[in-house]
Amino acid sequence: MEERYLCPVCEHELRGKRYCPECRRFVREPLVYKGGALPNEYKEYGRQISVYSAPASGSSGTKAPKHRSDVDTNTRFPDNCGTKEHVYGIPNVDPHTAGRKKKQQAARRGRILVIIFVIIGILIAFAEPLIHLVGGLADSSEDGDNYSEYAMEEEDDEVDEAAIMAAGEPCSGYYHYDMDGQEYTDRILDYCGEVFGGETITISDPSVYNWKSGDYTYYESRVYIDIGENGTYIGVLSDSVTGEVMEVSMSSENTETTMQLLLLAGCAFEPEEDRNVLWEEIQSCFSEVKGDYVFINWRSSDLYISLDDTGCYASLGCLPEFDKYQ
(Lines give C-alpha, C1' and ligand atoms only; values in the text may rest on other atoms or scores of the structure.)
Protein backbone atom coordinates (compact mmCIF):
# COMPACT_ATOMS: atom_id res chain seq x y z
CA MET A 1 0.00 0.00 0.00
CA GLU A 2 1.32 3.44 -0.89
CA GLU A 3 2.76 5.54 1.94
CA ARG A 4 2.50 9.34 1.86
CA TYR A 5 4.40 11.63 4.18
CA LEU A 6 2.63 14.72 5.52
CA CYS A 7 3.68 17.84 7.40
CA PRO A 8 2.30 17.75 10.99
CA VAL A 9 1.77 21.55 10.88
CA CYS A 10 -0.03 22.22 7.57
CA GLU A 11 -0.77 18.59 6.47
CA HIS A 12 0.79 19.28 3.07
CA GLU A 13 2.55 16.35 1.39
CA LEU A 14 6.31 16.43 2.00
CA ARG A 15 9.05 16.35 -0.59
CA GLY A 16 11.85 13.90 -0.02
CA LYS A 17 9.96 12.50 3.00
CA ARG A 18 11.31 15.24 5.26
CA TYR A 19 10.82 18.72 3.69
CA CYS A 20 7.56 20.71 3.61
CA PRO A 21 7.47 23.09 0.59
CA GLU A 22 4.54 25.04 2.09
CA CYS A 23 5.95 25.74 5.57
CA ARG A 24 9.43 25.73 4.03
CA ARG A 25 10.86 23.81 6.95
CA PHE A 26 12.46 20.45 7.75
CA VAL A 27 10.19 17.92 9.44
CA ARG A 28 11.83 15.42 11.78
CA GLU A 29 8.73 13.31 12.50
CA PRO A 30 6.35 13.44 9.52
CA LEU A 31 2.83 12.05 9.58
CA VAL A 32 2.61 8.79 7.59
CA TYR A 33 -0.58 8.14 5.62
CA LYS A 34 -1.20 4.80 3.92
CA GLY A 35 -3.77 4.71 1.17
CA GLY A 36 -4.89 6.58 -1.93
CA ALA A 37 -6.55 9.96 -1.54
CA LEU A 38 -6.23 11.75 1.79
CA PRO A 39 -9.38 12.38 3.88
CA ASN A 40 -9.37 15.98 2.66
CA GLU A 41 -9.02 15.01 -1.01
CA TYR A 42 -11.54 13.77 -3.59
CA LYS A 43 -10.56 11.00 -5.98
CA GLU A 44 -12.74 9.48 -8.73
CA TYR A 45 -12.33 8.33 -12.36
CA GLY A 46 -8.56 8.69 -12.09
CA ARG A 47 -8.76 12.36 -11.09
CA GLN A 48 -7.63 13.76 -7.75
CA ILE A 49 -9.14 17.07 -6.67
CA SER A 50 -7.81 18.97 -3.68
CA VAL A 51 -10.59 20.39 -1.54
CA TYR A 52 -8.60 22.79 0.57
CA SER A 53 -6.20 25.65 0.06
CA ALA A 54 -2.68 25.08 1.39
CA PRO A 55 -1.14 27.79 3.60
CA ALA A 56 1.02 30.37 1.90
CA SER A 57 4.80 29.97 1.95
CA GLY A 58 6.40 31.41 5.03
CA SER A 59 3.19 31.25 7.07
CA SER A 60 3.27 30.85 10.81
CA GLY A 61 1.82 27.35 10.59
CA THR A 62 -1.90 28.21 10.82
CA LYS A 63 -3.94 25.75 8.80
CA ALA A 64 -5.81 27.12 5.81
CA PRO A 65 -9.62 26.77 5.82
CA LYS A 66 -11.05 23.79 4.00
CA HIS A 67 -13.57 24.29 1.23
CA ARG A 68 -15.87 21.59 -0.10
CA SER A 69 -15.60 21.20 -3.83
CA ASP A 70 -18.81 21.37 -5.88
CA VAL A 71 -17.37 19.06 -8.57
CA ASP A 72 -19.36 15.93 -9.44
CA THR A 73 -22.47 16.86 -7.41
CA ASN A 74 -26.11 16.90 -8.56
CA THR A 75 -25.30 14.58 -11.50
CA ARG A 76 -28.35 12.75 -12.87
CA PHE A 77 -28.09 9.21 -14.18
CA PRO A 78 -30.92 7.61 -16.25
CA ASP A 79 -32.94 4.76 -14.78
CA ASN A 80 -32.04 1.46 -16.46
CA CYS A 81 -34.57 -0.71 -14.66
CA GLY A 82 -37.18 -0.40 -17.44
CA THR A 83 -39.69 1.80 -15.60
CA LYS A 84 -40.28 5.54 -15.47
CA GLU A 85 -41.05 5.71 -11.77
CA HIS A 86 -37.80 7.33 -10.81
CA VAL A 87 -34.35 8.49 -11.88
CA TYR A 88 -31.06 8.14 -10.10
CA GLY A 89 -30.31 11.62 -8.76
CA ILE A 90 -27.31 10.76 -6.56
CA PRO A 91 -24.51 8.36 -7.52
CA ASN A 92 -24.24 5.16 -5.47
CA VAL A 93 -27.85 5.42 -4.15
CA ASP A 94 -30.15 2.76 -5.58
CA PRO A 95 -33.90 3.57 -5.04
CA HIS A 96 -34.70 -0.14 -5.49
CA THR A 97 -33.08 -0.91 -2.15
CA ALA A 98 -34.82 1.87 -0.19
CA GLY A 99 -37.54 -0.41 1.25
CA ARG A 100 -35.08 -3.10 2.23
CA LYS A 101 -32.83 -0.54 3.94
CA LYS A 102 -35.78 0.82 5.96
CA LYS A 103 -36.55 -2.68 7.27
CA GLN A 104 -32.89 -3.23 8.14
CA GLN A 105 -32.77 0.10 9.96
CA ALA A 106 -35.93 -0.73 11.94
CA ALA A 107 -34.49 -4.09 13.00
CA ARG A 108 -31.24 -2.40 13.99
CA ARG A 109 -33.11 0.13 16.12
CA GLY A 110 -34.92 -2.72 17.87
CA ARG A 111 -31.64 -4.45 18.72
CA ILE A 112 -30.18 -1.19 20.02
CA LEU A 113 -33.18 -0.67 22.33
CA VAL A 114 -32.77 -4.16 23.78
CA ILE A 115 -29.06 -3.52 24.41
CA ILE A 116 -29.86 -0.21 26.11
CA PHE A 117 -32.37 -1.87 28.48
CA VAL A 118 -29.83 -4.56 29.36
CA ILE A 119 -27.15 -1.95 30.12
CA ILE A 120 -29.59 0.03 32.30
CA GLY A 121 -30.37 -3.11 34.28
CA ILE A 122 -26.67 -3.81 34.83
CA LEU A 123 -26.04 -0.23 35.96
CA ILE A 124 -28.90 -0.38 38.45
CA ALA A 125 -27.60 -3.66 39.87
CA PHE A 126 -24.06 -2.34 40.33
CA ALA A 127 -24.87 1.31 41.10
CA GLU A 128 -24.09 1.17 44.81
CA PRO A 129 -20.70 -0.65 44.47
CA LEU A 130 -19.68 1.78 41.74
CA ILE A 131 -20.57 4.77 43.94
CA HIS A 132 -18.41 3.44 46.77
CA LEU A 133 -15.54 2.71 44.37
CA VAL A 134 -15.57 6.18 42.80
CA GLY A 135 -15.84 7.80 46.22
CA GLY A 136 -12.85 5.85 47.49
CA LEU A 137 -10.74 6.86 44.50
CA ALA A 138 -11.68 10.52 44.98
CA ASP A 139 -10.72 10.42 48.68
CA SER A 140 -7.40 8.66 48.00
CA SER A 141 -6.18 11.44 45.68
CA GLU A 142 -5.72 14.86 47.23
CA ASP A 143 -4.52 16.28 43.91
CA GLY A 144 -7.42 15.10 41.78
CA ASP A 145 -8.57 18.59 40.81
CA ASN A 146 -5.02 19.70 40.10
CA TYR A 147 -4.52 16.66 37.86
CA SER A 148 -7.57 17.59 35.78
CA GLU A 149 -6.29 21.12 35.38
CA TYR A 150 -2.86 19.79 34.41
CA ALA A 151 -4.38 17.46 31.81
CA MET A 152 -6.29 20.38 30.30
CA GLU A 153 -3.12 22.44 30.18
CA GLU A 154 -1.35 19.60 28.36
CA GLU A 155 -3.87 19.88 25.53
CA ASP A 156 -3.59 23.67 25.29
CA ASP A 157 -1.21 24.76 22.51
CA GLU A 158 -1.40 28.45 23.34
CA VAL A 159 1.13 30.35 25.45
CA ASP A 160 0.94 33.62 27.32
CA GLU A 161 3.03 35.97 25.17
CA ALA A 162 3.58 38.54 27.92
CA ALA A 163 4.55 35.83 30.43
CA ILE A 164 7.18 34.15 28.26
CA MET A 165 8.72 37.48 27.26
CA ALA A 166 8.89 38.54 30.91
CA ALA A 167 10.48 35.22 31.92
CA GLY A 168 13.08 35.48 29.15
CA GLU A 169 13.64 31.71 29.05
CA PRO A 170 14.54 29.94 25.76
CA CYS A 171 12.11 27.47 24.26
CA SER A 172 12.75 23.79 24.90
CA GLY A 173 11.66 22.37 21.53
CA TYR A 174 14.86 23.39 19.67
CA TYR A 175 18.60 23.42 20.28
CA HIS A 176 20.11 26.92 20.13
CA TYR A 177 23.26 28.07 18.35
CA ASP A 178 25.43 30.55 20.23
CA MET A 179 24.58 33.13 17.56
CA ASP A 180 22.22 36.10 17.63
CA GLY A 181 19.53 35.84 14.96
CA GLN A 182 19.67 39.50 13.87
CA GLU A 183 23.45 39.47 13.56
CA TYR A 184 23.32 36.20 11.62
CA THR A 185 20.66 37.51 9.22
CA ASP A 186 22.66 40.68 8.56
CA ARG A 187 25.71 38.60 7.65
CA ILE A 188 23.67 36.46 5.28
CA LEU A 189 22.35 39.58 3.55
CA ASP A 190 25.90 40.91 3.09
CA TYR A 191 27.11 37.60 1.66
CA CYS A 192 24.11 37.35 -0.70
CA GLY A 193 24.97 40.79 -2.05
CA GLU A 194 28.50 39.58 -2.79
CA VAL A 195 27.57 36.27 -4.43
CA PHE A 196 24.22 37.15 -6.05
CA GLY A 197 24.82 40.82 -6.77
CA GLY A 198 22.92 40.72 -10.06
CA GLU A 199 19.73 39.38 -8.47
CA THR A 200 16.99 41.18 -6.58
CA ILE A 201 17.37 40.32 -2.89
CA THR A 202 14.48 40.88 -0.47
CA ILE A 203 13.87 39.93 3.15
CA SER A 204 10.49 39.18 4.70
CA ASP A 205 9.11 40.64 7.91
CA PRO A 206 9.56 38.29 10.90
CA SER A 207 6.79 35.72 11.27
CA VAL A 208 6.34 34.92 14.98
CA TYR A 209 4.57 31.78 16.18
CA ASN A 210 4.78 30.76 19.86
CA TRP A 211 3.17 27.52 21.03
CA LYS A 212 3.68 24.44 23.17
CA SER A 213 3.12 20.71 22.93
CA GLY A 214 3.17 18.70 26.14
CA ASP A 215 6.30 19.60 28.09
CA TYR A 216 7.98 21.29 25.11
CA THR A 217 7.75 24.95 24.12
CA TYR A 218 8.37 26.42 20.67
CA TYR A 219 9.13 30.13 20.32
CA GLU A 220 9.60 30.75 16.60
CA SER A 221 10.58 33.92 14.77
CA ARG A 222 11.20 33.19 11.09
CA VAL A 223 12.47 35.39 8.23
CA TYR A 224 13.10 34.52 4.58
CA ILE A 225 15.73 36.04 2.30
CA ASP A 226 14.52 35.62 -1.29
CA ILE A 227 17.07 35.77 -4.10
CA GLY A 228 15.71 36.50 -7.56
CA GLU A 229 12.31 35.22 -8.67
CA ASN A 230 12.95 31.50 -9.20
CA GLY A 231 12.26 30.31 -5.65
CA THR A 232 15.81 30.56 -4.31
CA TYR A 233 15.84 31.51 -0.63
CA ILE A 234 17.46 31.19 2.80
CA GLY A 235 15.23 30.96 5.87
CA VAL A 236 16.45 31.80 9.38
CA LEU A 237 14.55 30.51 12.42
CA SER A 238 15.37 32.22 15.73
CA ASP A 239 14.01 31.99 19.27
CA SER A 240 11.42 34.78 19.51
CA VAL A 241 12.18 35.27 23.22
CA THR A 242 15.97 35.03 23.51
CA GLY A 243 16.95 35.70 19.88
CA GLU A 244 19.40 32.86 19.14
CA VAL A 245 19.43 31.06 15.78
CA MET A 246 17.85 27.58 15.97
CA GLU A 247 17.56 26.41 12.34
CA VAL A 248 18.56 27.58 8.87
CA SER A 249 16.92 26.32 5.67
CA MET A 250 17.72 26.93 2.00
CA SER A 251 16.32 25.93 -1.37
CA SER A 252 16.98 26.34 -5.07
CA GLU A 253 16.07 24.75 -8.38
CA ASN A 254 19.57 23.33 -8.82
CA THR A 255 22.11 21.65 -6.57
CA GLU A 256 24.99 24.03 -7.27
CA THR A 257 23.06 27.09 -6.10
CA THR A 258 21.88 25.29 -2.95
CA MET A 259 25.50 24.40 -2.19
CA GLN A 260 26.40 28.09 -2.51
CA LEU A 261 23.58 29.00 -0.12
CA LEU A 262 24.88 26.42 2.37
CA LEU A 263 28.34 27.95 2.06
CA LEU A 264 26.93 31.37 2.95
CA ALA A 265 25.07 29.87 5.92
CA GLY A 266 28.25 28.18 7.17
CA CYS A 267 30.34 31.34 6.71
CA ALA A 268 27.79 33.35 8.70
CA PHE A 269 28.30 30.97 11.64
CA GLU A 270 32.11 31.01 11.27
CA PRO A 271 33.12 34.22 9.47
CA GLU A 272 36.81 33.70 10.27
CA GLU A 273 36.95 30.23 8.70
CA ASP A 274 38.59 29.76 5.28
CA ARG A 275 35.78 29.63 2.70
CA ASN A 276 37.69 27.15 0.54
CA VAL A 277 37.79 24.71 3.47
CA LEU A 278 34.05 25.05 4.01
CA TRP A 279 33.37 24.65 0.29
CA GLU A 280 35.35 21.41 0.12
CA GLU A 281 33.46 20.04 3.13
CA ILE A 282 30.10 20.98 1.56
CA GLN A 283 31.02 19.24 -1.70
CA SER A 284 31.93 16.14 0.30
CA CYS A 285 28.59 16.25 2.16
CA PHE A 286 26.58 16.50 -1.06
CA SER A 287 28.52 13.58 -2.55
CA GLU A 288 27.07 11.38 0.21
CA VAL A 289 23.49 11.81 -1.06
CA LYS A 290 22.76 8.40 -2.59
CA GLY A 291 18.96 8.42 -2.46
CA ASP A 292 16.37 11.14 -1.90
CA TYR A 293 17.91 12.59 1.25
CA VAL A 294 20.67 12.26 3.82
CA PHE A 295 21.48 13.39 7.39
CA ILE A 296 25.07 14.38 8.16
CA ASN A 297 26.77 15.83 11.24
CA TRP A 298 28.62 18.83 9.86
CA ARG A 299 30.60 20.92 12.32
CA SER A 300 28.08 22.16 14.93
CA SER A 301 25.04 21.27 12.80
CA ASP A 302 22.76 18.41 11.90
CA LEU A 303 22.77 18.85 8.10
CA TYR A 304 19.82 17.60 6.07
CA ILE A 305 19.98 17.45 2.26
CA SER A 306 17.07 16.48 0.01
CA LEU A 307 17.14 16.10 -3.78
CA ASP A 308 14.18 15.56 -6.10
CA ASP A 309 12.93 16.49 -9.57
CA THR A 310 11.76 19.94 -8.43
CA GLY A 311 14.95 21.14 -6.78
CA CYS A 312 17.37 20.82 -3.92
CA TYR A 313 16.70 21.56 -0.23
CA ALA A 314 18.98 21.72 2.78
CA SER A 315 18.71 22.69 6.43
CA LEU A 316 20.95 23.17 9.43
CA GLY A 317 19.89 22.39 12.99
CA CYS A 318 22.07 22.82 16.05
CA LEU A 319 23.48 19.57 17.47
CA PRO A 320 22.68 19.01 21.15
CA GLU A 321 26.30 19.11 22.26
CA PHE A 322 26.61 22.64 20.84
CA ASP A 323 23.40 23.95 22.38
CA LYS A 324 24.02 27.28 24.12
CA TYR A 325 21.79 26.33 27.05
CA GLN A 326 23.05 22.78 27.66
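Residues numbered from 1 in each chain as written. Predicted model: local features only at pLDDT ≥ 70, side-chain atom pairs only at ≥ 80, totals over all residues. Heavy atoms only, no water.

Student: Let's hear about empty space enclosed by the protein: which residues, and what values?
Tutor: Applying the stated criterion across every chain, the model contains 5 cavities of 30 Å³ or more. There is about 70 Å³ of room inside the second largest cavity. Lining the second largest cavity are Gly266, Phe269, Glu270, Leu278, Trp298, Arg299, Ser300, Ser301 and Leu316. (1 Å grid on protein atoms, 1.4 Å probe; cavity = no way out; pocket = protein on both sides within 12 Å on 5 of 7 lines; lining within 4 Å. Points joined across faces, edges and corners; volume = space filled by probe spheres on them.)

Student: Talk me through helix α7 (residues 275-286); I want residue IDs and the actual numbers.
Tutor: Spanning 12 residues, α7 covers 16 Å between terminal C-alpha atoms, matching the ideal 16 Å at 1.5 Å per step. Listed in full, the buried residues belonging to α7 are Leu278, Trp279, Ile282, Cys285 and Phe286. One side of α7 holds all its buried residues, which, seen down the axis, span an arc of 120 degrees. Seen from the buried face of α7, the exposed residues on the opposite side, beyond 90 degrees, are Asn276 and Glu280. On its buried side, α7 packs onto α6 (255-269), β12 (293-298), β13 (301-308) and β14 (311-318). Where α7 starts, the residue carrying a side-chain oxygen 2.9 Å from the main-chain nitrogen of Asn276 turns out to be Asp274. (Helix = DSSP H or I, 4+ residues; strand = E, 2+ residues; numbered from the N terminus. Expected span 1.5 Å × (residues − 1). Buried < 20%, exposed > 50% of the residue type's maximum accessible area, 1.4 Å probe, protein only. Arc of directions from axis to C-beta. Contact = heavy atoms within 4.5 Å. Polar contact = N/O pair within 3.5 Å; in protein donor to acceptor, adjacent residues only side chain to side chain.)

Student: Account for the side chain of Asp239, naming residues and giving values.
Tutor: Position of Asp239 among the secondary structure elements: in strand β10 (residues 232-239). Here Asp239 sits buried without a salt bridge, and the closest side chain of opposite charge, Lys324, lies 9.8 Å off (N-O distance). In terms of polar contacts, Asp239 uses its side chain to reach the backbone amide nitrogen of Thr242, at 3.2 Å. Those residues in contact with Asp239 that lie beyond four places of it in its chain are Pro170, Cys171, His176, Tyr219, Glu244 and Met246. (Lys, Arg positive; Asp, Glu negative; His and termini not counted. Salt bridge = Lys/Arg side-chain N within 4 Å of Asp/Glu carboxyl O.)

Student: Describe in detail the side chain of Ser306, supporting the description with residues and values.
Tutor: As for its position among the elements, Ser306 is in strand β13. Of the residues examined, Ser306 reaches a relative accessible area of 0% and is grouped as buried. In terms of polar contacts, Ser306 uses its side chain to reach the side chain of Tyr304, at 3.5 Å.

Student: Give a detailed account of the packing of aromatic side chains, specifying residues and quantitative values.
Tutor: Each aromatic ring pair is characterised by the separation of its centres together with the angle its planes make. One pass over the structure, following the stated rule, counts 9 aromatic pairs. When the ring of Tyr174 is compared with that of Tyr218, the centres are 5.7 Å apart and the planes differ by 90 degrees; the resulting orientation is edge-to-face. Placement of Tyr174 in the loop between α4 (161-167) and α5 (181-195) and of Tyr218 in strand β9 (residues 216-227) is noted, with a sequence separation of 44 residues between them. A centroid spacing of 4.2 Å and a plane angle of 15 degrees characterise the contact between Trp211 and Tyr218, whose relative ring orientation is stacked. The burial state of Trp211 is the same as that of Tyr218; both residues are buried. (Phe/Tyr/Trp six-rings, centres within 6.5 Å; stacked < 30°, edge-to-face > 60°.)

Student: Which residues make up the packing of α6 against α7, and what are the values?
Tutor: Contact geometry of α6 with α7 gives a least axis separation of 10 Å together with a crossing angle of 130 degrees. Regarding the angle of α6 to α7, the classification is oblique. The element α6 and its partner α7 pack so that their crossing is right-handed. Contacts between α6 and α7 involve Thr255, Glu256, Thr258, Met259, Gln260, Leu262, Leu263, Gly266 and Cys267 from the former and Arg275, Leu278, Trp279, Ile282, Gln283 and Phe286 from the latter. Here the residues of the contact of α6 with α7 are counted per class, giving 8 nonpolar, 5 polar and 2 charged. (Axes fitted to C-alpha atoms, helices over the stretch in contact; angles between N-to-C directions. Parallel < 35°, antiparallel > 145°, perpendicular 65-115°, else oblique. Left-handed = near helix turned anticlockwise from the far one by under 90°. Nonpolar A, V, L, I, M, F, W, Y, C, P; charged D, E, K, R; others polar.)

Student: I'd like to hear about unusual backbone geometry, residue by residue, with values.
Tutor: Negative phi characterises most residues that are not glycine, and trans characterises most peptide bonds. Positioned with a positive phi, Arg299 is a non-glycine residue whose angle comes to about 55 degrees. Relative to the elements of secondary structure, Arg299 occurs in the loop between β12 and β13.

Student: Outline the confidence of the model for the protein, listing residues and values.
Tutor: Within the protein, residue pLDDT values average 77, and 66% of them lie at 70 or more. Confidence over residues 42-79 falls short of pLDDT 50; this stretch has 70 contacts with residues more than four positions distant or in other chains. Considering only residues more than four positions removed or in separate chains, one finds that residues 83-93, a stretch of pLDDT under 50, has 21 contacts. (pLDDT = per-residue confidence, 0-100.)

Student: Explain the packing of α5 against α6 to me, using residue names and the numbers behind them.
Tutor: Packing of α5 against α6 leaves a shortest axis separation of 9 Å and a crossing angle of 135 degrees. Between α5 and α6, the crossing angle belongs to the class labelled oblique. The two elements α5 and α6 meet at a crossing, and its hand is right-handed. Listed contacts from α6 to Tyr184, Arg187, Ile188, Tyr191, Cys192 and Val195 of α5 are Leu264, Ala265, Cys267, Ala268 and Phe269.

Student: I'd like a description of α5, backed by residues and values.
Tutor: Between its first and last C-alpha atoms α5 spans 21 Å; for 15 residues at 1.5 Å apiece the expected length is 21 Å, and the two agree. Taken residue by residue, α5 has Gly181, Tyr184, Thr185, Ile188, Tyr191 and Cys192 as its buried positions. The arc enclosing the buried residues of α5, seen along the axis, measures out at 125 degrees, which places them on a common side. Pointing more than 90 degrees away from the buried face of α5 are the exposed residues Gln182, Asp190 and Glu194. In this structure, the buried side of α5 is in contact with β7 (201-203), β9, β10, β11 (245-252), α6 and α7.

Student: An account of the nonpolar core is requested, with residue identities and associated values reported.
Tutor: For soluble globular proteins, the rule of thumb is that nonpolar side chains tend to be buried together. Ranked by size, the top nonpolar core spans 39 residues in total, and within it Tyr184, Val248 and Leu316 carry the most contacts. The element best represented in this core is α6, accounting for 9 residues. Setting aside its immediate chain neighbours within four residues, Tyr184 contacts Met179, Val236, Val245, Val248, Ala265, Ala268 and Phe269. Among the nonpolar cores identified, the runner-up in size contains 10 residues, and Cys171, Trp211, Tyr218 and Met246 belong to it. (Core = buried A, V, L, I, M, F, W, Y, C linked by side-chain atoms within 4.5 Å.)

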